[in-house]
Amino acid sequence: MVEEFAQVDGELKLIKKKVTRREIPPDIKAVKLLMDESCEELSDEELEAEKQKLIDILKENKFE
């Protein structure tokens, strides 16, 4: 984020704000490693709950 301020009437005021967004792809090797290690120990119900939790986290963070 870049913000540009100017002095107006003796006060600093925000005159320009630029927000840059970029997509950062996931590290597939790290995901695979974590999935291989943790999935062996979880039941189908636990895996489904974890999947839903991750989907909810992604939805919350998508628009930040």
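Residues numbered from 1 in each chain as written. Predicted model: local features only at pLDDT ≥ 70, side-chain atom pairs only at ≥ 80, totals over all residues. Heavy atoms only, no water.

Turning to unusual backbone geometry, a few remarks are in order. Of note in the backbone geometry, Asp-9 takes a positive phi value of approximately 55° without being a glycine. Looking at the secondary structure, you find Asp-9 in the loop between β1 (2-8) and β2 (11-18). (Helix = DSSP H or I, 4+ residues; strand = E, 2+ residues; numbered from the N terminus.)

Turning our attention to a nonpolar patch on the surface. Taken together, Phe-5, Leu-12 and Leu-14 make up a surface patch of nonpolar side chains, about 330 Å² in accessible area. Summarising the element assignment, Phe-5 is placed in strand β1. (Patch = residues over 30% accessible without salt bridge, like charges linked within 9 Å, V, L, I, M, F, W, Y side chains within 5 Å. Areas by Shrake-Rupley, 256 points an atom, 1.4 Å probe, with all protein chains shown as cover. Salt bridge = Lys/Arg side-chain N within 4 Å of Asp/Glu carboxyl O.)

On to the confidence of the model for the protein. Scored by pLDDT, the protein has a mean of 84; 89% of the residues are at 70 or more. Across the protein, element-level confidence peaks in β2 with a mean pLDDT of 92 and bottoms out in helix α1 (residues 28-39) with 78. (pLDDT = per-residue confidence, 0-100.)

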